[in-house]
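Listed below are the residues making up each chain.
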Amino acid sequence: MTNITAFDYVLLPLYLLVVFKIAYNYRDKHYPKNHSLRRYFIPALYAKIGGALFIAFIYGYYYGGGDSFNFFYHSKIINSTFIDSPDTWLRLITHHADDKNLIDEKALSDMYWYDDIASYTTACIASIIGLFCFTKYLIITIIIATISFIGSWLMFIAFTMQYKNMEKHIAIAILFIPGPLVWGSGLFKDSFCMFSIGCLVYCFYMLLEKRTFKLSLILLGVTSIMLLILIKAYILVALLPLLIIKTILAYKKKAIEKGRKFLFYTVLFMFYFAFSLVLKRAASYLSAFTAENVLETIKHQKDYLLSVSIAQDGSAYDIGDFEPSLNGIVKMIIPAINVTLFRPYPWESKSIIQLFNSLESTAILLLTLYLILKRNIFKTIKYIYNDPNLIMCLFFTLIFAFIVGLSSYNFGSLSRYKIPCTPFYVLFLMILIFKDRSNNNIDDKSSPIVEVDNDLKPEHD
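Residue positions are given per chain, counting from 1 as you read along its sequence in written order. Under the rules for a predicted model, residues below a pLDDT of 70 receive no local features and side-chain atom pairs below 80 are neither given nor counted, while totals for whole chains, interfaces and linings still include all residues. For side-chain calculations, the full set of non-hydrogen atoms in the structure is used, while hydrogens and water are omitted.

### Here we look at the overall build of the protein chain
Helix and strand counts for the protein chain stand at 22 helices and zero strands. Here's how the labels work: a residue is buried when its accessible area is under 20% of the maximum for its type, exposed when over 50%, partly exposed in between, all with a 1.4 Å probe on protein chains only. Across the 461 residues that make up the protein chain, the buried fraction comes to 51%. By definition, residues are in contact when any of their heavy atoms lie within 4.5 Å. Of all intrachain contacts in the protein chain linking residues separated by at least 6 positions in sequence, the fraction that spans at least 24 positions is 74%. Only carbon and sulfur atoms are counted for the fraction: they give 66% of the accessible area of the protein chain, which is about 22,500 Å². The way it works is that DSSP assigns letters per residue, a run of H or I at least four long becomes a helix, a run of E at least two long becomes a strand, and they are numbered from the N terminus. What sets the accessible areas is the Shrake-Rupley method with a 1.4 Å probe; for residues, cover comes only from the shown protein chains.

Here it is as structure tokens:
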């Protein structure tokens, strides 16, 4: 296996030692022994790195290749120019290669993803990381897993600051779900997306709700937005409006409780006016994304992916044909959401990896059925209505699950594509099922946005 070399195994324990040395020092500094979050930090990092190495070995020794190694292949080509021509390396990293330059042209001729911005961005980030580890696959993998962990941990912090005594359930939803641990930790586009999602959730909460204005938070938020734009913009399109709505609802609840309803609606009107101006400015750009064009694209992609999946590996799924019209799409909402959240069923599994995915989907289905059968439906709706977090988690899950379920048509791809919504949906279930068992009384009429004690606040350098 040329991608995983003996040198990888020589370097792996050394870099793991460095990563965990830094992690243990950070934990001891920011989460002392009496801190309620301390016990989750190192196990969550172990899980992330373990998931990344697991899928790396599966792709390397079971499948013999895959997207992860294709990203690595491009990163090696980019870094091969660093010593002889740093200028070429910089042009390749910034996507400004000069095809009239011989070194640039040679590198471009070997790269088939240069014009695929999302894939090439992933390869470029791996290249930058590779400069610090001799461009070795396993080392790049564990560093990316650590980066992805940072996003997950920040998202975990954001929700534990809002729900006291629910750390265990929030940790299960955000830090320890197997799918995101495996598919959102290695050298994949999804790992950087999971980092960005977690950072955005954290930055929105800290900046807009906690009103903790720090340059580091702003830079982290902007970086996360840029990464999503470059890698998977549709995640940002689905998540960003819901983060804004969630923030508005949280402020509305606080304003009503404090008798500042007029002030809230004044600010809301100003925001709406500003947002309308932005949309008007972007009208010419958005005109290319008409409903007809989008639906026709989805229809063609569905037919292509389904035929390829059937021909290649038999892991295809079909939720039925549809017409590229609004009515046709509406009919696919329930099947698309169902396939994303609850399939493959165990009897649909045709490989070990699919069986692994089906066990997770089955567990989520059982949690959903428990919520439906054991909880009063009217109280559940009331809880959702009164909690901006639940509204955000539910609608992001439904929107994202619909998009992914309608466009994947392959269980292998689906297992990766769906991971951004998995933590949100499991968190949604956990809060509804277990919140009234914690010290947070779910029937309490106070705001569900629970302020954190000072000793729970993470420190920022």
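### Notes on helix α8 (residues 167-175)
Burial analysis of α8 places seven of its nine residues in the buried class, which makes it a mostly covered element. When α8 is considered as a whole, its buried residues turn out to be Glu167, His169, Ile170, Ala171, Ala173, Ile174 and Leu175. Tucked into the core, α8 has its buried residues touching α2 (38-63), α7 (137-160), α9 (178-183) and α22 (422-434).

### Topic: the pattern of salt bridges
Salt-bridge detection follows one rule: a side-chain nitrogen of Lys or Arg within 4 Å of a carboxyl oxygen of Asp or Glu. In total, this model carries ten salt bridges according to the counting rule given. A salt bridge links Arg27 to Asp28; its shortest N-O distance comes to 3.0 Å. Each of Asp67, Asp190, Lys232 and Arg416 takes part in a single network of salt bridges with overlapping partners.

### Side note on helix α4 (residues 86-93)
Burial in α4 covers these residues: Thr88, Trp89, Leu92 and Ile93. Looking straight down α4, one finds its buried side chains confined to an arc of 135°; they lie on one side. Where α4 is buried, its residues touch α3 (67-79), α5 (102-110) and α6 (117-130). Directly after α4, the chain includes His95, whose backbone phi takes a positive value near 60°. As used here, the arc belongs to the directions running from the helix axis to the C-beta atoms.

### Side note on the packing of α4 against α5
An axis is simply a line fitted to the C-alpha atoms; with a helix, the fit covers only the stretch in contact. Between two such axes, the angle follows the N-to-C directions and lies from 0 to 180 degrees. Contact pair α4 / α5: the axes reach a minimum separation of 9 Å and the direction vectors enclose 45°. Accordingly, the angle class assigned to the pair α4 and α5 is oblique. Relative to α5, α4 is oriented so that their crossing is right-handed. Contacts from Thr88, Arg91 and Leu92 of α4 reach α5 at Ile103, Asp104, Ala107 and Leu108. Looking at the contact of α4 with α5, its residues break down into four nonpolar, one polar and two charged. Put simply, angles under 35 degrees are roughly parallel, angles over 145 are roughly antiparallel, angles from 65 to 115 are roughly perpendicular, and the rest are oblique. Handedness of a crossing follows from how the near helix is turned relative to the far one, being left-handed for an anticlockwise turn of less than a right angle and right-handed for a clockwise one. Here the term charged refers only to Asp, Glu, Lys and Arg, the term nonpolar to Ala, Val, Leu, Ile, Met, Phe, Trp, Tyr, Cys and Pro, and the term polar to all other amino acids, Gly among them.

### Describing the environment of Cys393
Residue position: Cys393 is located in helix α20 (residues 388-407). Owing to a relative accessible area of 0%, Cys393 belongs among the buried residues under this scheme. Taking the C-alpha atoms as reference points, Cys393 and Val426, separated by 33 residues in sequence, lie 9.0 Å from one another.

### Some remarks on the packing of α2 against α7
For the pair α2 and α7, interaxial distance at closest approach is 9 Å and the crossing angle is 140°. As judged from the angle between their axes, α2 and α7 are oblique. With respect to the hand of their crossing, α2 and α7 are arranged in right-handed fashion. Contacts between α2 and α7 involve Tyr40, Phe41, Ala44, Leu45, Lys48, Ile49, Ala52, Leu53, Ala56 and Phe57 from the former and Tyr137, Leu138, Thr141, Ile142, Ala145, Thr146, Ser148, Phe149, Ser152, Trp153 and Phe156 from the latter. Along the lines of polarity and charge, the residues of the contact of α2 with α7 split into 16 nonpolar, four polar and one charged.

### Quick look at the confidence of the model for the protein chain
Predicted confidence across the protein chain gives a mean pLDDT of 84, with 80% of residues reaching 70 or more. No element of the protein chain has a lower mean pLDDT than helix α14 (residues 283-286), which averages 49, and none a higher one than α7, which averages 97. Contacts for the low-pLDDT stretch residues 440-461, under 50 throughout, to residues beyond four places or in other chains number 59 contacts. The predictor reports its confidence for every residue as pLDDT, a score running from 0 up to 100.

### With respect to a nonpolar patch on the surface
Among the surface-exposed residues, Leu215, Ile218, Leu219, Val222, Met226 and Ile229 lie close enough to one another that they form a single nonpolar patch of about 560 Å² accessible area. Position of Leu219 among the secondary structure elements: in helix α11 (residues 215-231). Only residues above 30% relative accessible area that lack a salt bridge enter a patch, with like-charged residues linked at up to 9 Å and the nonpolar side chains Val, Leu, Ile, Met, Phe, Trp and Tyr linked at up to 5 Å.

### Here's the deal with the nonpolar core
Definition used in this section: a nonpolar core is a set of buried Ala, Val, Leu, Ile, Met, Phe, Trp, Tyr and Cys residues joined via side-chain atoms within 4.5 Å. Ranked by internal contacts, the top residues of the largest apolar core, which has 123 residues, are Trp153, Phe156, Phe159, Ile174, Phe424 and Phe428. For this core, the element with the highest residue contribution is α7, accounting for 15 residues. Excluding its chain neighbours within four sequence positions, the residues that come into contact with Phe428 are Ile384, Leu390, Cys393 and Leu394. Within the second largest apolar cluster, eleven residues are counted, among which are Ile77, Ile78, Ile93 and Tyr114.

### Some details on the environment of Ala123
Here Ala123 is to be found in helix α6. The spacing of Ala123 and Phe69 is 54 residues in sequence and 9.9 Å in space, taken between C-alpha atoms. Among residues more than four places away in sequence, those in contact with Ala123 are Phe71, His74 and Ser75.

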